[in-house]
Protein chains: 2
Amino acid sequence: MARPNRDPEHLAVLQDYYARHRLIPSYSTLSTLLGFRAKTAAARLVGRLEVAGYLKRTPDRRLAPTPRFFERPRAIAPVRAGMPEAAIDAPADMESLDALLVRRPSITFLMTIKGDSMIDVGLMPGDTVVCERRQLAEVGDIVVALLADELTVKTLIRENGRFALKPENKAGDYPVLRPDAMQIIAVVTGSFRSYRR
Amino acid sequence: MARPNRDPEHLAVLQDYYARHRLIPSYSTLSTLLGFRAKTAAARLVGRLEVAGYLKRTPDRRLAPTPRFFERPRAIAPVRAGMPEAAIDAPADMESLDALLVRRPSITFLMTIKGDSMIDVGLMPGDTVVCERRQLAEVGDIVVALLADELTVKTLIRENGRFALKPENKAGDYPVLRPDAMQIIAVVTGSFRSYRR
DNA sequence: TTGATTAGTGTACGTTCGTACACTAAAATG
DNA sequence: CATTTTAGTGTACGAACGTACACTAATCAA
């Protein structure tokens, strides 16, 4: 039909640029980046990438990346024989983990897990939880609550029409907490740990 | 001395905007966002945020966020009586998730945990592990190994002078793997999950 | 080989953006 | 209360940006 489509290759360059600068460049600099001599070429490319769902426009018509822009090959098991490289394809530029875990920076804070009361849901002592500061939580949410001047991480449950805080450790035999007064400080939206020494 | 400094508050709005759009807005839209009536105010604010190290300029003089822009406060428990705000808002330290979890982006990739064979060390099905690609691992490391064309996450142990792969699930009764040939693909340096619906 | 199709070129133009500059407003200090 | 300092206002202007449009180049299918 027509010319060969080099868009994937060009997208890769754009993704690298974004990884370095955290910014979609102007058509001019994108043209320079890709070796185009007319910035219209960059404009057309961007149009195609928009249609393909890699870029979108903000309310004020500026260019911004979409979630798809950040999709990276994750390692996938099973792997084809003798080809672990292909399955991994280590991306030189990784999506920012911050983007994955933090949606509203202004109300987000981190907290360290103390003790093993939430071990059944994979929250080990020393793990860091990502918390969004708000009072409204839903039943089933893991929340940060203020109890006797201590910040506690527990699952919010409902018992006989009352809210209670449930530890997640069958072996540890922790009691469900049914305080008279309880203040929800934040909702846990994620967690992480580092195995680095 | 002078007017109260509302920069932290304004920075928070900018950070939220960035989290939504992955883009630093123009001075005009930033002014609208913050309720400024002159875009010069936004320009001045941005200048201050540059000096403070939250923003920088790309080679073509466009505005981009710095690593510090992505730092989050870490709450400290226990809390002083009735003062949960202070523990969060006046944090001991600020940290960026990327800096914490990814030290060498070029050899780092992500992988999703399948199954519950590592549940005792807090790796639940669906969790994402951060892996650094390298062959040299130490005993006790959690590693990604290639076994029968499958990528497996296990703990590397030494048994009678031989290396072996140990699952971490006492209840599940998984066997220790003692393959004739085993290839270490990567070392797990971190893990995370999101509780978001 | 020809025709259809799509990528990139070159130029022109209106709009928006960033910056400069003089000015006003609000707080803290002495 | 006066002084000092810094945040925000208002206006103006050149430069950069995005877009439009006509044109050329490269590939594939018939």
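Up top is the structure these notes are about.
The sections below set out a description of the structure shown in this document. Everything numeric in this text was worked out from a predicted model, so none of it was measured. (Residues numbered from 1 in each chain as written. Chains lettered and ligands numbered in written order. Predicted model: local features only at pLDDT ≥ 70, side-chain atom pairs only at ≥ 80, totals over all residues. Heavy atoms only, no water.)

1. Points about the pattern of salt bridges
- This model, assessed by the stated rule, comprises 17 salt bridges over all chains.
- A salt bridge links Arg134(A) to Glu132(A); the nearest nitrogen and oxygen atoms lie 2.8 Å apart.
- Among the residues examined, Glu132(A) registers a relative accessible area of 3% and is labelled buried.
- When the shortest N-O distance is used, the salt bridge between Glu132(B) and Arg196(A) registers 2.6 Å. Of this pair, Glu132(B) sits in strand E6 (residues 128-133) while Arg196(A) is found in the segment after strand E8 (183-194), placing the two residues in two different chains.
- Classification of Arg196(A) by relative accessible area gives partly exposed; the value is 22%.
- A cluster of three or more residues bridged by salt bridges with shared partners is formed by Glu132(A), Arg134(A) and Arg196(B). (Salt bridge = Lys/Arg side-chain N within 4 Å of Asp/Glu carboxyl O. Buried < 20%, exposed > 50% of the residue type's maximum accessible area, 1.4 Å probe, protein only. Helix = DSSP H or I, 4+ residues; strand = E, 2+ residues; numbered from the N terminus.)

2. Quick look at helix H1 (residues 7-21) of chain A
Residues and elements named next belong to chain A.
- If you check H1, its first and last C-alpha atoms are 21 Å apart, about what 15 residues at 1.5 Å a residue would give, namely 21 Å.
- Those residues of H1 lying buried are Asp 7, His 10, Leu 11, Leu 14, Gln 15, Tyr 17, Tyr 18 and His 21. Viewed end-on, H1 has its buried residues packed into an arc of 160°, placing them on one side of the element. In H1, the exposed residues that point more than 90 degrees away from the buried face are Pro 8 and Arg 20.
- One or two positions beyond H1, positive phi appears at Arg 22, with a value near 55°. (Expected span 1.5 Å × (residues − 1). Arc of directions from axis to C-beta.)

3. Quick look at the interface of chain A and chain B
- Of the residues lining the interface, 79 residues belong to chain A; the matching set on chain B comes to 77 residues.
- Of the roughly 6,900 Å² buried between chain A and chain B, counting both surfaces, carbon and sulfur atoms make up 55%.
- Along the contact surface separating chain A from chain B lie 3 salt bridges.
- The interface formed by chain A and chain B includes 21 residue pairs in polar contact (both at pLDDT 80 or more).
- Ranked by residues supplied to the side of chain A that touches chain B, first place goes to E8(A) with 8 residues. (Contact = heavy atoms within 4.5 Å. Buried area = accessible area lost by both parts, 1.4 Å probe. Polar contact = N/O pair within 3.5 Å; in protein donor to acceptor, adjacent residues only side chain to side chain.)

4. Digging into unusual backbone geometry
- With a phi close to 55°, Arg22(A) is a non-glycine residue in the positive phi region.
- Among the structural elements, Arg22(A) can be located in the loop between H1 and helix H2 (27-34).
- One non-glycine residue, Asn160(B), lies in the positive phi region at around 50°.
- Structurally, Asn160(B) can be placed in the loop between strand E8 (150-159) and strand E9 (162-166).

5. Details of the pairing of E8(A)
- Extensive coverage of E8(A) is indicated by the burial of 10 of its 12 residues.
- Bridging between strand E4 (residues 128-133) of chain A and E8(A) involves 6 bridges; their strand directions are antiparallel. Across the sheet, Val129(A) pairs through a bridge with Ser191(A), a residue of E8(A).
- One ladder, built from 5 bridges, connects E8(A) with strand E10 (residues 183-194) of chain B; its direction is antiparallel. (Pairing = 2+ DSSP bridges.)

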